[in-house]
Every structure is written in C-alpha cells, then in structure tokens.
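Geometric and topological summary
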Amino acid sequence: MKQSVAVTVNGTQREDLVEPRMLLVHYLREVAGLTGTHIGCDTSQCGACTVLLDGRAVKSCSVFAVQADGRSVATVEGLAATGTLHPVQQAFWNEHGLQCGFCTPGFVMATAALLEQNPSPSDEDITKGLEGNLCRCTGYANIRRAVRSAAAMMGGQAAAPTGSPAAAPAAAPAATAGS
Ligand code: FES
Ligand code: FES
C-alpha cells in the first residue's frame, strides 16, 4: 500500500504517494522529475546519486523515499536555481573536473556538503570527504583542484545549497560529506 510523504525538495514542499520500498533516488528522478541525480551502480558505491538530506550528504540509492518524510532534500538542480552556477559548479567547469559528467552531480553535491562543513579543507580532508564518490574518467587531480578552487571562490565561507537547512536565515550549518 502506498504511503504519503511530505518532502521539501530544493526549497519546494511536495506531497506524494509512494511505495514504501521506493528509493529516494527513484522518487527524485521519477516522481519529482529531477533527473540530475544519477544512478551509477547497484551496490551503493559510486556516489553518483549523492544528494543532501537535511544538509547531510547521503547516497539516495541507499535511502527510502519514506525516510525523507518531513525532511529537506537538496539536489544538483537546486544549486543553480537562480540561474547562476554555484561556486562548486563553476569550479568544476573552470578546472575541468569532469569528462563524461555522469559522476559530476554526485561530486558537486558531496563537495558542497564538504565545504559547508569545512570551508578550508586540506588535501587529505578533500580525499576523505569525497571518498564515497567514484569517477571513471578523469582521475581525481582536477576534481581536487576544483574543490580547492571552489573553497577559494567561497572565501572560506561555504554557500549553502538551496533547500538545505543552512540556506535558511540564521540556520546553523550542518553537513557531513563522504557518505
Ligand atoms: Fe551508485 Fe548510489 S547509484 S552509490
Ligand atoms: Fe565520467 Fe566522472 S566524469 S565518470
């Protein structure tokens, strides 16, 4: 039997009926129509499906949609909601942190979460923060460079993605990367 879920996605409240076994990634892609969140594996390893759940990076293929009930989800679509690239997106563009781009939304969201938690990460912090995300194209040098560039662009002050709790006025920063 379907269950009702109320989820704030990229700052917009939604209510939908879903099967209890529906994964959050399928909810976002098939119900909410947000196909920027990718499915790259069936083993919860690649991180292509990374989104922020209440500001925390999670692999949306390992979360049920019903677990997002009453919570906020930020996807890659929410980052450039104003029509201007988020600094993390701009940095990946500038530093050629992608080739095929399939893994990129996951890296971008994991990076946004990392920088929100740690605005000036060391190389070791970056490696650890992105350890849950795999890229088969680029190697990781440009991706690390993009993260450092994004941190510099943000002046050590991470910008909260739209729809994350920290995007709200006076909200406390809260994010964990590398899930
Ligand atoms: Fe690969 Fe979620 S689709 S970790
Ligand atoms: Fe192709 Fe990362 S850019 S998998």
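All of the points below concern the structure found in this document. (Residues numbered from 1 in each chain as written. Chains lettered and ligands numbered in written order. Predicted model: local features only at pLDDT ≥ 70, side-chain atom pairs only at ≥ 80, totals over all residues. Heavy atoms only, no water.)

A few points about the sheet that holds strand S4 (residues 56-59)
Across the sheet, five strands lie side by side as S2-S1-S5-S3-S4; this open sheet has mixed pairing. Two strands bound the open sheet, and with one partner strand each, they are strand S2 (12-18) and S4. Along the sheet, successive strands turn relative to each other by an average axial angle of 40°, direction set aside. Examined bridge by bridge, strand S3 (residues 50-53) and S4 share four bridges and lie antiparallel to one another. (Pairing = 2+ DSSP bridges. Helix = DSSP H or I, 4+ residues; strand = E, 2+ residues; numbered from the N terminus. Axes fitted to C-alpha atoms, helices over the stretch in contact; angles between N-to-C directions.)

Quick word on the pattern of salt bridges
In the structure shown here, the tally under the stated rule is five salt bridges. One salt bridge in this structure joins Arg14 and Asp16, with 2.9 Å as the shortest N-O distance. Take Asp16: its relative accessible area is 14%, and that puts it in the buried class. We note a salt bridge from Asp54 to Arg71, for which the minimum N-O separation is 3.0 Å. Taken together, the positions of Asp54 in the loop between S3 and S4 and Arg71 in the loop between S4 and strand S5 (72-74) put the pair 17 residues apart, joining distant regions of the chain. By relative accessible area, which is 30% here, Arg71 ends up partly exposed. (Salt bridge = Lys/Arg side-chain N within 4 Å of Asp/Glu carboxyl O. Buried < 20%, exposed > 50% of the residue type's maximum accessible area, 1.4 Å probe, protein only.)

A few points about the layout of surface pockets
Empty space within the largest pocket amounts to approximately 200 Å³. Residue lining of the largest pocket: 13 residues in total, with Gly40, Cys46, Phe102, Leu134 and Arg136 positioned closest to the centre. Of the residues in the lining of the largest pocket, the class split is nine nonpolar, three polar and one charged. Viewed by domain, the lining of the largest pocket spans two of them, domain 1 (3-78) and domain 2 (87-153), each represented by three or more residues. (1 Å grid on protein atoms, 1.4 Å probe; cavity = no way out; pocket = protein on both sides within 12 Å on 5 of 7 lines; lining within 4 Å. Points joined across faces, edges and corners; volume = space filled by probe spheres on them. Nonpolar A, V, L, I, M, F, W, Y, C, P; charged D, E, K, R; others polar. Domains from an automatic or database assignment.)

With respect to the nonpolar core
Counting 25 residues, the largest nonpolar core has Val88, Phe92, Phe107, Leu115 and Leu130 as the members making the most contacts within it. Secondary structure elements with two or more residues in this core: helix H2 (76-79), helix H3 (87-94), helix H4 (104-117) and helix H6 (141-153). Of all the elements, H4 adds the most residues to this core, at seven residues. When residues of this core are assigned to domains, at least three map to each of domain 1 (3-78) and domain 2 (87-153). Aside from chain neighbours lying at most four places away, what touches Val88 is Val108, Thr111, Ala112, Leu115, Ala150 and Met154. One finds Val9, Leu28, Leu53 and Val58 within the second-largest nonpolar core, a separate group that totals 17 residues. (Core = buried A, V, L, I, M, F, W, Y, C linked by side-chain atoms within 4.5 Å. Contact = heavy atoms within 4.5 Å.)

Comments concerning the packing of H3 against H4
For any two helices packed against each other, the geometry is given by the interaxial angle and the distance between the axes. For the pair H3 and H4, the least separation of the axes is 9 Å and the interaxial angle reads 125°. Regarding the angle of H3 to H4, the classification is oblique. For the element pair H3 and H4, the recorded crossing hand is right-handed. Contact residues: Val88, Gln89 and Phe92 in H3; Thr104, Phe107, Val108, Thr111, Ala112 and Leu115 in H4. Here the contact of H3 with H4 is built from residues that sort into six nonpolar, three polar and no charged. (Parallel < 35°, antiparallel > 145°, perpendicular 65-115°, else oblique. Left-handed = near helix turned anticlockwise from the far one by under 90°.)

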